[in-house]
Amino acid sequence: MVMAIFWLLWGIAAVGSLRWIIYLFFAGIAFGATNTLPGGVNLLPATACVPLLVWRVLRAGDRLGGQPGQVVDAMLNWRVLGLLTAYSLIALVVTCTAPRLFAGVPIVELNTLRPGRLHFGPTNITQICYMLGSYGITLATCVMVQSREGRRLLAEGLQVGALALIVTGTADATVGSAPLSVFKTAKYGLILDASFDDIGMRRVVGVFSEASAYGAATLALAACLIFIRPAREFGGLLAMLDIVLGLGLELMTYLSTSSGAVAGLGLMVAAQLWFMLSSSIASADRGERGQAQIEVLAALVVMAAVAAYLIMAPDILGKLYDVIDRLVLKKGESASYIERSGWTRDTFRAVMLTWGYGIGAGASRASNWGVAVLAASGAVGAAMMGGFFMRCMLARLPVAGSGVPLATMGRGGRYALAVAMIPAMGSATTADYGAVIAVILAVAAAAPLAAEEGDELPRFPHPRMGPAGAPAGPGRWRSAPVFLNGAVLPAPDFAASSSQPALPLPAGAEPAVMQEIIAPEQAASVDQPLRLS
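Just so we're clear, the structure is a prediction, and the values are computed from it rather than from any experiment.

### Notes on the overall build of the protein
Line of reasoning, step 1. For the protein, the count of helices and strands is 18 helices and 6 strands.
Line of reasoning, step 2. The proportion of buried residues among the 533 residues of the protein is 52%.
Line of reasoning, step 3. Looking at the protein alone, contacts between residues at least 24 apart form 73% of all its contacts between residues at least 6 apart.

Laid out in structure tokens, this is it:
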């Protein structure tokens, strides 16, 4: 019945507008243990929506900011998604070849959690499909964020996904797991841990196979809404929902009692305060700065109220300390930690037996995303993924402001990526980084391009001026100052300069540059397709 309902909704979304397939995809993230295919192959709802979503986004063309040629360039250019493309292809090759080249290497079976021998099976097929699906989401999102319409669709989709996660988590916390068991049709090994019963904590898992998976999903989506805030550009109720749903996801993260998710939640709260404080002081956008100042004041009021309540009810503070002590500080003593550490150790040992070639996606279960990436793609593929992450985190970003909304999203995307990866590095069992992190990676990868396409001020060779206004020597590329003491500067007289620019202009570029100086009102809009060269 569940399978039939999903495919009915899939068919309706296929013939409907792009908005409906986006809604179905993000809602499907909340059903992380629901299989949509009969037989022994697991296909989750979100993954089943990926081909249709990518096709519809690319079909939209100019309306969402991407031509077919530019999309191909984005896939191959190392400054955008080229390194991620290389990693995905390497993982595909390793997954297809390693089980035959290194058959018999000791592993931990992904679904049964039992020791086994390396062989090609259904888990290899499903996991490589999940990885390619996440890559497709990254590509589609990278195209969507280039236009205002695409960013609005992304904002609405993320809020639908957040609402689905909150509803399923609330149902699990209130009525128990039994009513939700009808949705848990995927053939996954369930990880149950009742070690927190003595402090009155019940693990909330929603429609996932384990608490760590649910906690990682809620934390990543909360970080996406709180830091990236794709709806901030549109204001009103849509922007307010980002904050409300983000706080609700933070509560669900805590109720999951996942050690990695709770540790990430603590870092997220600290980063959230720093993010608001820095935005309230240093943001280039006056509206964003004012909103951040209001948020800082609201956070201080909430913190004061919580502190007063804890002082008046010390027993609550003691229980909270017991929870943190059991979930984080004494995690190393739990049976779950010992078992997961064994998975990671055995998987890493299997990779070493292949001399760093890798064993393929879905071949062995780990409990560390870095080790899972190394196992899926080998040392070369892991280097490609590491380079892509460094590019996302360290590439130059333009000054964030209302004129360049993608740059504002990219600044928050780095905070979101750092927070979302914490539970993944401590509890992720496979190399698939998931749909929400795929969205964050797409924003972080596309944002540096706003430094080139988002500059509202034209660039031209500006000669340095000597005494009495005479040119002093070769110039350099500089941003044109538009206002000086409230007066518009006249266009510089290049004919009066006897020197040549230090960086020669390409052939035919001078008229275009002068046209930008003479008629700045004709400058191109910020929402332009990707320029990759």
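### Structural notes on the environment of Phe227
Line of reasoning, step 1. Relative to the assigned elements, Phe227 resides in helix α8 (residues 211-228).
Line of reasoning, step 2. On the basis of relative accessible area, Phe227 is assigned to the buried category, the value being 0%.
Line of reasoning, step 3. Distance in space between the C-alpha atoms of Phe227 and Asp242 is 9.6 Å, their sequence separation being 15 residues.
Line of reasoning, step 4. Apart from residues no more than four positions distant in its own chain, Phe227 is found in contact with Arg232, Met268, Ala271, Gln272, Phe275, Gly412, Tyr415, Ala416 and Val419.

### Here's the deal with the packing of aromatic side chains
A ring pair, where both rings are aromatic, is described by two values, the distance of the centres and the angle of the planes.
Line of reasoning, step 1. Under the defined criterion, the tally for this structure stands at 9 aromatic pairs.
Line of reasoning, step 2. Consider the rings of Trp7 and Trp10, whose centres lie 5.6 Å apart with planes at 65 degrees: the pair is edge-to-face. Of this pair, Trp7 and Trp10 both sit in helix α1 (residues 2-15), 3 residues apart, roughly one helical turn.
Line of reasoning, step 3. With centroids separated by 5.6 Å and ring planes inclined at 55 degrees, the aromatic side chains of Trp369 and Phe389 adopt a geometry described as tilted. Each member of the pair, Trp369 as well as Phe389, is classed as buried.
Line of reasoning, step 4. Taken together, the ring pairs in this structure connect Phe6, Trp7 and Trp10 into an aromatic cluster.
Line of reasoning, step 5. It is Arg365 that lies over the ring of Trp343; its NZ or CZ is 4.9 Å from the centre.
Line of reasoning, step 6. Sitting over the ring of Trp78, Arg391 keeps its end group 5.5 Å from the ring centre.

### Side note on the environment of Glu295
Line of reasoning, step 1. Mapped onto the elements, Glu295 comes out in helix α11 (residues 286-312).
Line of reasoning, step 2. Distance from Glu295 to Leu277, taken between C-alpha atoms, is 8.8 Å for residues 18 residues apart in sequence.
Line of reasoning, step 3. Once residues within four sequence positions are removed from consideration, Glu295 is found in contact with Arg229, Ile243 and Met276.

### Quick look at the environment of Arg100
Line of reasoning, step 1. Structurally, Arg100 can be placed in helix α5 (residues 82-101).
Line of reasoning, step 2. For Arg100, a relative accessible area of 59% puts it in the exposed group.
Line of reasoning, step 3. Sequence spacing of Arg100 and Phe120 is 20 residues, and the spatial spacing of their C-alpha atoms is 7.4 Å.
Line of reasoning, step 4. Within the structure, Arg100 has its side chain in polar contact with the backbone oxygen of Cys96 (distance 3.2 Å).

### Digging into a nonpolar patch on the surface
Line of reasoning, step 1. A surface patch of nonpolar side chains, amounting to about 550 Å² of accessible area, comprises Met1, Ile5, Leu8, Leu9 and Ile12.
Line of reasoning, step 2. Along the polypeptide, Leu8 turns up in helix α1.
Line of reasoning, step 3. Relative accessible area serves as the criterion here: at 55%, Leu8 is assigned to the exposed category.

### So, the pattern of salt bridges
Line of reasoning, step 1. Summed over all chains, the structure comprises 6 salt bridges.
Line of reasoning, step 2. The salt bridge involving Glu233 is made with Arg148; its shortest N-O contact spans 3.2 Å. One end of the pair, Glu233, is in the loop between α8 and α9 (236-255); the other, Arg148, is in helix α7 (residues 148-175), with 85 residues separating them in the sequence.
Line of reasoning, step 3. We note a salt bridge from Glu156 to Arg152, for which the minimum N-O separation is 3.3 Å.

### Focus on the confidence of the model for the protein
Line of reasoning, step 1. Of all residues in the protein, 72% attain a pLDDT of 70 or more, and the chain-wide mean is 77.
Line of reasoning, step 2. Across residues 496-503, confidence stays below pLDDT 50; counting only partners more than four residues off in sequence or on other chains, it has 11 contacts.
Line of reasoning, step 3. Counted against residues more than four places away or in other chains, residues 509-533, with its pLDDT under 50, gives 43 contacts.

### Here we look at the nonpolar core
A general feature of soluble globular proteins is that nonpolar side chains tend to end up buried together.
Line of reasoning, step 1. Counting 98 residues, the largest nonpolar core has Ile21, Phe25, Phe227, Trp369, Met385, Phe388 and Tyr433 as the members making the most contacts within it.
Line of reasoning, step 2. Residues contacting Phe25, with those up to four places away along its chain left out, are Ala46, Cys49, Val50, Leu53, Ile137 and Ala435.
Line of reasoning, step 3. Formed by 9 residues, the second largest nonpolar core is a distinct cluster that contains Ile107, Ala350, Ile359 and Ala363.

### Concerning the packing of helix α6 (residues 122-144) against helix α16 (residues 434-446)
Line of reasoning, step 1. The N-to-C vectors of α6 and α16 enclose an angle of 40 degrees; their axes lie 8 Å apart at closest approach. What the angle tells us is that α6 and α16 run oblique. In the crossing of α6 with α16, the sense of the turn from one axis to the other is right-handed. Contacts between α6 and α16 involve Ser134, Ile137, Thr138, Thr141 and Cys142 from the first element and Gly434, Ala435, Ala438, Val439, Leu441, Ala442 and Ala446 from the second.
Line of reasoning, step 2. The residue makeup of the contact of α6 with α16, split by class, is 8 nonpolar, 4 polar and no charged.

### Topic: unusual backbone geometry
Line of reasoning, step 1. Even without a glycine there, the phi angle at Arg229 is positive, about 45 degrees.
Line of reasoning, step 2. Summarising the element assignment, Arg229 is placed in the loop between α8 and α9.
Line of reasoning, step 3. On the basis of relative accessibility, which here comes to 6%, the residue Arg229 falls in the buried class.
Line of reasoning, step 4. One non-glycine residue, Trp355, lies in positive phi territory at about 60 degrees.
Line of reasoning, step 5. Tracing the sequence through the fold places Trp355 in the loop between α13 (335-353) and α14 (369-394).

### Here's the deal with the side chain of Glu250
Line of reasoning, step 1. Here Glu250 is to be found in helix α9.
Line of reasoning, step 2. Buried and without a salt bridge, Glu250 has Arg229 as its closest oppositely charged side chain, separated by 8.9 Å.
Line of reasoning, step 3. Here Glu250 is in contact with Ala222, Ile226, Leu265, Met268 and Gln272, once residues within four sequence places are set aside.

### A look at helix α3 (residues 45-60)
Line of reasoning, step 1. Taking 1.5 Å per residue, 16 residues should reach 22 Å; α3 reaches 23 Å between its end C-alpha atoms and fits that length.
Line of reasoning, step 2. Of all the bends in α3, the greatest measures close to 30 degrees and is centred on Pro51.
Line of reasoning, step 3. Taken across its 16 residues, α3 has 12 buried, putting it largely inside the fold.
Line of reasoning, step 4. Residues Pro45, Ala46, Thr47, Ala48, Cys49, Val50, Leu52, Leu53, Val54, Arg56, Val57 and Ala60 constitute the buried set of α3.
Line of reasoning, step 5. Buried residues along α3 sit in contact with α1, α2 (18-28) and α6.

### What about the packing of α1 against α3?
Line of reasoning, step 1. Across the interface, α1 lies against α3 with an axial gap of 11 Å and an inter-helix angle of 10 degrees. As the angle between them shows, α1 and α3 are arranged roughly parallel. Of the residues in α3, those touching α1 at Phe6, Trp7, Trp10, Ala13 and Ala14 are Pro45, Ala48, Cys49, Leu52 and Arg56.
Line of reasoning, step 2. Among the residues forming the contact of α1 with α3, the class breakdown is 9 nonpolar, no polar and 1 charged.

About the cut-offs
Residues numbered from 1 in each chain as written. Predicted model: local features only at pLDDT ≥ 70, side-chain atom pairs only at ≥ 80, totals over all residues. Heavy atoms only, no water. Helix = DSSP H or I, 4+ residues; strand = E, 2+ residues; numbered from the N terminus. Buried < 20%, exposed > 50% of the residue type's maximum accessible area, 1.4 Å probe, protein only. Contact = heavy atoms within 4.5 Å. Phe/Tyr/Trp six-rings, centres within 6.5 Å; stacked < 30°, edge-to-face > 60°. Lys NZ or Arg CZ within 6 Å of the ring centre and 35° of its normal. Polar contact = N/O pair within 3.5 Å; in protein donor to acceptor, adjacent residues only side chain to side chain. Patch = residues over 30% accessible without salt bridge, like charges linked within 9 Å, V, L, I, M, F, W, Y side chains within 5 Å. Areas by Shrake-Rupley, 256 points an atom, 1.4 Å probe, with all protein chains shown as cover. Salt bridge = Lys/Arg side-chain N within 4 Å of Asp/Glu carboxyl O. pLDDT = per-residue confidence, 0-100. Core = buried A, V, L, I, M, F, W, Y, C linked by side-chain atoms within 4.5 Å. Axes fitted to C-alpha atoms, helices over the stretch in contact; angles between N-to-C directions. Parallel < 35°, antiparallel > 145°, perpendicular 65-115°, else oblique. Left-handed = near helix turned anticlockwise from the far one by under 90°. Nonpolar A, V, L, I, M, F, W, Y, C, P; charged D, E, K, R; others polar. Lys, Arg positive; Asp, Glu negative; His and termini not counted. Expected span 1.5 Å × (residues − 1). Bend = angle between axes of the 7 residues up to and from the residue.

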